[in-house]
Amino acid sequence: MKIDGDLAEILGIHIGDGCISVNDRYSEYYLGGDLTEEKEYHDTWVGPLFNKKIMIPLFNKEVAYKEHPKVGVYGFYIFNKELVRFFNKLGIKSGSKINVRIPNYIVDDEELSKRFLRGLYDTDGTIYFNKNYSVKKPIHNRPKIKLDSVSKGLIDDVTELLNNLKINSRSRKVFQGKKNKNPAYGVIIDTVKDIDLFLKVIGFKNSKHYTKWKLFKKLGFCPPYTSLKQRKEMLFDKNLYNGLNS
């Protein structure tokens, strides 16, 4: 099977927000995101990409997304052994992601690495802005891009790929989380220079993320706790910012 950039990005998306469950009764595939913040990303990018590379070639049909307002999720379920076997052939297994790793064929290819990282960061990463307390009127103008995972191996692989792309990063302190939860490992990019490089060579397709960076570039800071809708409005008219950074 020929692996191109589109498939590499789908694998990153899957490791971020996908799930494969297999038992004696069925083989299930799930992929989805936040109903409010990520529906646009799925409708305009993930769904068409998944259809183009997987659904239409294999099944001659498209994915059927559903909204689940009670849990705030937008996604699709597919019960199909052939689809699960397709991902298995790409090195993706069912079950827990605690030991998930990036396939070697992606690690060894720079272009595939870039696309994989974009898919992974779009789904499982986050960009946020810390408050700068060194000034009289602190504002949220210290950007960071973070990725966390219960798989230490995945974070190690991501760190290696970032290093290969000359993007400086640092390890995040291991976080135990709630009782009986697996520890989470993380990697952080926290200089404007390296974030600029990340966006140049990898980038975001998820408007949940890139609108925050665009707003930071426009205002010189990014107000916290804003919705995608609010950020889009402020990008068109910065006067709509009404103390949201307080």
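For the structure, check the block above.
Just so it is clear, the structure is predicted and the values come from calculations on it, not from any experiment.

(A) View of the side chain of His209. Position of His209 relative to the elements: it lies in helix α8 (residues 207–219). For His209, the side chain forms a polar contact with the main-chain oxygen of Tyr121, separated by 3.4 Å. Ignoring anything within four residues of it in the chain, the contact list for His209 reads Tyr121, Asp122, Gly125, Thr126, Ile127 and Phe204.

(B) Structural context of the sheet that holds strand β5 (residues 125–131). Reading across from one edge, β5-β6-β8-β7 is the order of the four strands in this open sheet, with antiparallel pairing throughout. Two strands close off the open sheet at either side, each with one partner strand: β5 and β7 (170–175). Taken pair by pair, the neighbouring strands of this sheet meet at an average axis angle of 35 degrees, ignoring direction. Bridging between β5 and strand β6 (residues 140–149) involves seven bridges; their strand directions are antiparallel. The residue of β6 that forms the bridge with Phe129 is Pro143. Sheet strands touched by helix α5 (residues 110–124): β5, β6 and β8 (184–189). Its angle to β6, the strand with the most contacts, is close to 105 degrees. Contacts between helix α6 (residues 152–164) and the sheet are confined to β6 and β8, with β8 contributing the most and set at about 15 degrees to the helix.

(C) Spatial organisation of the sheet that holds strand β3 (residues 66–68). An order of β1-β2-β4-β3 is seen for the four strands of this open sheet, with the pairing classed as antiparallel. The sheet is open, and its two borders are formed by β1 (18–22) and β3, each paired with just one other strand. With direction set aside, neighbouring strand axes in the sheet form an average angle of 30 degrees. When strand β2 (residues 27–34) meets strand β4 (residues 73–79), the two strands line up antiparallel, connected through seven bridges. Paired with Tyr29 across the strands is Ile78, a residue of β4. Contacting β1, β2 and β4, helix α3 (residues 81–89) runs over the sheet at an angle of about 75 degrees to β2.

About the cut-offs
- Residues numbered from 1 in each chain as written.
- Predicted model: local features only at pLDDT ≥ 70, side-chain atom pairs only at ≥ 80, totals over all residues.
- Heavy atoms only, no water.
- Helix = DSSP H or I, 4+ residues; strand = E, 2+ residues; numbered from the N terminus.
- Polar contact = N/O pair within 3.5 Å; in protein donor to acceptor, adjacent residues only side chain to side chain.
- Contact = heavy atoms within 4.5 Å.
- Pairing = 2+ DSSP bridges.
- Axes fitted to C-alpha atoms, helices over the stretch in contact; angles between N-to-C directions.

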